Amino acid sequence: MICDNLSINEKGHLVFAGRDTVDLAQKYGTPLYVMDENKIREHMREYKAAFEKYFPEGSCPEYASKAFSCKQIYRIAAEEKMNIDVVSCGEIYTAMSTGYPMENCFFHGNNKTDEDIEFAMEAKVGCIVADSEEELFAINQIAKQKGITQKILLRVTPGIDTHTHQKISTGNVDSKFGIAIDTNQAKETVGKILKLQNIDFAGFHCHIGSQIFESGPFDLASELMFRFIKDIKDTYGYTPRVLNLGGGFGVRYIDSDPKISFAEKIAEIAKILEKQSKAFGIEIPKIAMEPGRSIVADAGLTLYSVGSVKEITGYKNYVSIDGGMTDNPRYTLYESPYTVILATRANDEKDFCATIAGRCCEEGDVIQENVMLPKPKRNEILAVLTTGAYNYSMASNYNRVPRPPVIMLNDKDEYIAVKRETLEDICALDI
Ligand code: LLP
């Protein structure tokens, strides 16, 4: 199995976080997002421990909550003393409404409006990651009106082409995010920041992409960031207190994806930083990173009921499920691979090849193609694994399909973290 929270029981049912998934589907209905709270906490702890062990004092990971955002995840983060990364007023509001300590919150995004900035300051978010000069000036202006000094990081693009899908690779020079180092614009911006009165300029941020397994891109990013920091120090005499290297560690969606240890990766990054620190004669700042996917992805799976099984003679087979691109748009968007298991007969021979299709009125509404399964029957339960990241958070109401609930499981308890949307909810805002 691709993760240690999965197994198969004596009935041949798929077991997740110690629970029979077929029982869960019966109890809560389908489609159903199921999350393993222990796994989320385990990952948060692994990151925190590795940061303490390998990075300078005061270094902290942040959970990138765009991967999975609801009140309960912020409660878990608060209990685990995990900083958070938010990208919208919606995420700020959700975190704040749980009593999350907002000084541990970092506000990202490539185009924050004045209202967003004002909202973030009212919420007392600890740090705003500024993405453009317009934003910096707006932050300074709004902070001045409020009589405060706002801590910021400047997001720069180191100019790295990672091998992940183009739409989730963001460290390139040609990116809507951050200010480019290559073109000298980032350096010019630093000169301007240093003149701003209501800004506490804590350091730099970069993010090179997502679903990255190798250390190479981080090595390159660190080298470019240290080179940049040295240049900034020589030019302006400014040295950053914080260097945020973004998120991006990969997770196992399918067997052929490597299994990586975050602690080992962090140890490797720490070595890389030491090497660059020596090479450029710059002390290593406090390090931050923002893992999202690698904290929640394998802590989640989605359960569906099988509807029709259509065999098109001479072509291919379609297994239609009661969800689809509305609860998991990732195949439609990125052709992301997933492991699919027939949860009701997980041990049976997988001799039927099928495309798993959703029920939206759209040919591209597909969860996965060429999946090998025992030939399913109507009302059997199908599990799509590793859906804890960027599934619930990217779900939509296309075709006015209500979004599934999120059930959380831990050692002692199982509970609803997010309720199933109802048809009334669907019409709630309609006049
Ligand atoms: N920090 C920044 C600035 C980011 O832009 C992202 C992801 C992260 C951290 C977290 O990266 P992670 O550790 O989760 O890879 N919807 C896409 C992923 C978009 C990622 C956007 N930024 C997907 O479903 O694959």
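Note that the structure is predicted; figures quoted are calculated from it, not measured. (Residues numbered from 1 in each chain as written. Predicted model: local features only at pLDDT ≥ 70, side-chain atom pairs only at ≥ 80, totals over all residues. Heavy atoms only, no water.)

Points about the domain arrangement of the chain
In step 1: Under the domain assignment used here, the chain contains domain 1 (6-36 + 297-426) and domain 2 (108-291).
In step 2: The distance between the C-alpha centroids of domain 1 and domain 2 comes to 36 Å.
In step 3: Listed as interface residues are 8 residues of domain 1 and, on the opposing side, 7 residues of domain 2.
In step 4: Counting each side, the surface lost to burial between domain 1 and domain 2 is near 790 Å², with a carbon and sulfur contribution of 59%.
In step 5: When residues of domain 1 are sorted by the area they lose upon contact with domain 2, Tyr334, Pro337 and Thr386 head the list and together hold 51% of the total.
In step 6: Put simply, domain 1 and domain 2 have 2 residue pairs in polar contact (both at pLDDT 80 or more) between them.
In step 7: For the side of domain 1 that touches domain 2, the residue count by class is 5 nonpolar, 2 polar and 1 charged. (Domains from an automatic or database assignment. Contact = heavy atoms within 4.5 Å. Buried area = accessible area lost by both parts, 1.4 Å probe. Polar contact = N/O pair within 3.5 Å; in protein donor to acceptor, adjacent residues only side chain to side chain. Nonpolar A, V, L, I, M, F, W, Y, C, P; charged D, E, K, R; others polar.)

Here we look at the pairing of strand β11 (residues 199-205)
In step 1: Counting buried positions along β11 yields 6 of 7 residues, so the element is predominantly enclosed.
In step 2: Direction of pairing for strand β9 (residues 150-157) relative to β11: parallel, over a ladder of 6 bridges. Note on β11: the bridge partner recorded for Arg155 is His205.
In step 3: Of the pairings in the sheet, the one linking β11 to strand β12 (residues 242-244) comprises 3 bridges and is parallel in character. Considered in β12, the bridge of Phe204 is made with Leu243.
In step 4: Since β11 and β12 lie parallel, the crossover through helix α8 (residues 216-236) that links them has a hand, and here it is right-handed. (Buried < 20%, exposed > 50% of the residue type's maximum accessible area, 1.4 Å probe, protein only. Helix = DSSP H or I, 4+ residues; strand = E, 2+ residues; numbered from the N terminus. Pairing = 2+ DSSP bridges. Right-handed = clockwise from strand over helix to strand, strands pointing away.)

Concerning the packing of helix α7 (residues 185-193) against α8
Relative orientation and spacing of two packed helices are given, respectively, by the angle between their axes and the distance between those axes.
In step 1: Axis separation between α7 and α8 bottoms out at 11 Å; the angle between their running directions is 40°. Our classification of the angle between α7 and α8 gives oblique. Seen from above, α7 lies across α8 with right-handed handedness. Contact with α7, carried on its side by Ala186, Lys187, Glu188, Val190 and Gly191, involves Phe228, Asp231, Ile232, Thr235 and Tyr236 of α8 and no other residues of that element.
In step 2: Classifying every residue of the contact of α7 with α8 by side-chain character gives 5 nonpolar, 2 polar and 3 charged. (Axes fitted to C-alpha atoms, helices over the stretch in contact; angles between N-to-C directions. Parallel < 35°, antiparallel > 145°, perpendicular 65-115°, else oblique. Left-handed = near helix turned anticlockwise from the far one by under 90°.)

Observations regarding the state of the cysteines
In step 1: A full pass over the atoms with the stated rule returns 0 disulfides.
In step 2: Free of any disulfide, Cys127 has its nearest neighbouring cysteine sulfur in Cys105, separated by 9.5 Å.
In step 3: For Cys127, a relative accessible area of 0% translates into the label buried. (Disulfide = S-S within 2.5 Å.)

Focus: the pattern of salt bridges
In step 1: Tallied over the entire structure, the rule returns 25 salt bridges.
In step 2: Residue Glu414 pairs with Lys27 through a salt bridge whose shortest N-O separation is 2.8 Å. Taken together, the residues Glu414 in strand β21 (residues 414-418) and Lys27 in helix α1 (residues 21-28) connect sequence positions 387 residues apart.
In step 3: The exposure class assigned to Glu414 is partly exposed, which follows from its relative accessible area of 23%.
In step 4: The shortest N-O distance in the salt bridge between Arg41 and Glu37 comes to 2.9 Å. Taken together, the residues Arg41 and Glu37, both in helix α2 (residues 37-54) and 4 residues apart, mark about one turn of the helix.
In step 5: Assessed through its relative accessible area of 13%, Arg41 is described here as buried.
In step 6: Via salt bridges that share partners, Glu37, Arg41, Arg45, Glu79 and Glu80 belong to a single interconnected network. (Salt bridge = Lys/Arg side-chain N within 4 Å of Asp/Glu carboxyl O.)

A closer look at the sheet that holds strand β2 (residues 14-16)
In step 1: The sheet built from 3 strands is open, its strands ordered β1-β2-β3 with antiparallel pairing. Edge positions in the sheet fall to β1 (6-8) and β3 (19-20), since each of these pairs with one other strand and no more.
In step 2: Two elements, β1 and β2, share 3 bridges in a ladder whose sense is antiparallel. Of the residues in β2, the one forming a bridge with Ser7 is Val15.

A closer look at unusual backbone geometry
In step 1: In this structure, Pro31 follows Thr30 across a cis peptide bond, with omega equal to -10°.
In step 2: The phi dihedral of Lys81 falls on the positive side, at around 55°, and the residue is not glycine.
In step 3: For Lys81, the location among the structural elements is in the loop between α3 (71-79) and β6 (83-86).
In step 4: The phi dihedral of Lys124 is positive, around 60°, even though this residue is not glycine.
In step 5: Inspection of the secondary structure puts Lys124 in the loop between α5 (114-122) and β8 (127-130).
In step 6: Judged by relative accessible area, which is 62%, Lys124 ranks as exposed.

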